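Given next are the chains, with one letter for each unit.
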Amino acid sequence: MTDYGEEQRNELEALESIYPDSFTVLSENPPSFTITVTSEAGENDETVQTTLKFTYSERYPDEAPLYEIFSQENLEDSDVSDILKLLALQAEENLGMVMIFTLVTAVQEKLNEIVDQIKTRREEEKKQKEKEAEEAEKQLFHGTPVTIENFLSWKAKFDAELLEIKKKRMKEEEQAGKNKLSGKQLFETDHNLDTSDIQFLEDAGNNVEVDESLFQEMDDLELEDDEDDPDYNPADPESDLTD
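Owing to the predicted nature of the structure, the values given are computational and were not obtained by experimental measurement. (Residues numbered from 1 in each chain as written. Predicted model: local features only at pLDDT ≥ 70, side-chain atom pairs only at ≥ 80, totals over all residues. Heavy atoms only, no water.)

Student: Would you mind showing me how to read the overall build of the protein here?
Tutor: Of the regular secondary structure elements, the protein holds six helices and four strands. Each helix and strand of the protein, ordered N terminal to C terminal, gives the series α-β-β-β-β-α-α-α-α-α. Relative to its 243 residues, the protein shows a buried fraction of 21%. Long-range contacts, defined as pairs at least 24 residues apart, comprise 49% of the intrachain contacts of the protein with a sequence gap of at least 6. In the form shown here, the protein has an accessible surface area of approximately 19,400 Å², with 50% of it arising from carbon and sulfur atoms. (Helix = DSSP H or I, 4+ residues; strand = E, 2+ residues; numbered from the N terminus. Buried < 20%, exposed > 50% of the residue type's maximum accessible area, 1.4 Å probe, protein only. Contact = heavy atoms within 4.5 Å. Areas by Shrake-Rupley, 256 points an atom, 1.4 Å probe, with all protein chains shown as cover.)

Following this line, the structure appears as structure tokens:
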């Protein structure tokens, strides 16, 4: 007859020796304990971790122990589900033998796989971002391929914008024409204009300069005085033409 109690006690002693820093007894009756399992460090020293809780059934190891995820770090819900499925499979395969060490080892390997998957997932995300950036750059340089549909759509939009610009310009020109004053209106509205020339001359004062060279050759000119002509008659303009 199998002494389940003795087998359980022997396994507990062995587990405490194997996992001195992560093994914690929760209760003695029924025997219940936790073991914390941490993955190997991945890229950037990141890890995933879970604490497994086991409780011996009365007929363990001929019956599977009770188990659950007591706590976890950096695991997705899908990862937790996969770990529970793995524990169920390993427990069924190892019935009749003490199995806690086997279950913990299987979970340890699973956590290492998850870390590798995280690394792979990040690399894929990085490649995807680089691909999207490359596609965006190509789109920037090559533009959108022209089709009849998008050309007609662009032309309709362009014509509408051009029409609005023309309307705005015509309205501005019309408004500018209404606001433009005639010369008479300028003099009527600004009384400074009728005295501007006089003011200019007053401001100039004695500073008006005369180019004397224009008069230097005046003495050399032979000018004929009509009054010296004995036949000149101021009352008869044709008298000057009789000579």
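Picking up where we left off.
Student: Just checking my understanding: could you explain the sheet that holds strand β2 (residues 31-38) for this structure?
Tutor: Paired through their backbone hydrogen bonds, the strands of a sheet run either parallel or antiparallel. Read from one edge to the other, the open sheet built from four strands follows the order β1-β2-β3-β4, with strand pairing classed as antiparallel. In this open sheet, the two strands that pair with only one neighbour each are β1 (23-28) and β4 (66-73). Here the strands of the sheet are splayed against their neighbours by 20° on average, with no regard to which way each runs. Sheet topology note: the β1/β2 ladder contains five bridges and is antiparallel. Looking at β2, one finds that valine 25 is bridged to phenylalanine 33. Along the sheet, helix α1 (residues 4-18) makes contact with β1 and β2, crossing β2 at roughly 30°. Contacting β3 (49-55) and β4, helix α2 (residues 77-93) runs over the sheet at an angle of about 150° to β4. (Pairing = 2+ DSSP bridges. Axes fitted to C-alpha atoms, helices over the stretch in contact; angles between N-to-C directions.)

Student: Got a minute to help me understand α2 in this structure?
Tutor: Owing to its 3.6 residues per turn, the α-helix aligns residues three or four sequence positions apart on the same side. With 17 residues, α2 should cover 24 Å at 1.5 Å per step; its first-to-last C-alpha distance of 25 Å lies within 8% of that length. Listed in full, the buried residues belonging to α2 are Asp79, Val80, Ile83, Leu87, Gln90 and Ala91. When α2 is viewed along its axis, its buried side chains cluster within an angular range of 105° and face the same direction. Facing away from the buried side of α2 by more than 90 degrees, the exposed set consists of Asp77, Lys85, Glu92 and Glu93. (Expected span 1.5 Å × (residues − 1). Arc of directions from axis to C-beta.)

Student: How should I be thinking about the pattern of salt bridges in this particular structure?
Tutor: For side chains bearing opposite charge, pairing can occur when the charged atoms are close. Under the counting rule described, the total for this entry stands at four salt bridges. A salt bridge links arginine 59 to glutamate 63, with the nearest nitrogen and oxygen atoms 3.6 Å apart. By relative accessible area, glutamate 63 is classed as partly exposed at 33%. Here aspartate 159 ties to lysine 155 by a salt bridge, and the two come within 2.9 Å at their closest N and O atoms. One end of the pair is aspartate 159 and the other is lysine 155, both in helix α4 (residues 148-179) and four residues apart, which spans about a single turn. A residue is classified by how much of its surface remains accessible, and lysine 155, at 37% relative accessible area, is partly exposed. (Salt bridge = Lys/Arg side-chain N within 4 Å of Asp/Glu carboxyl O.)

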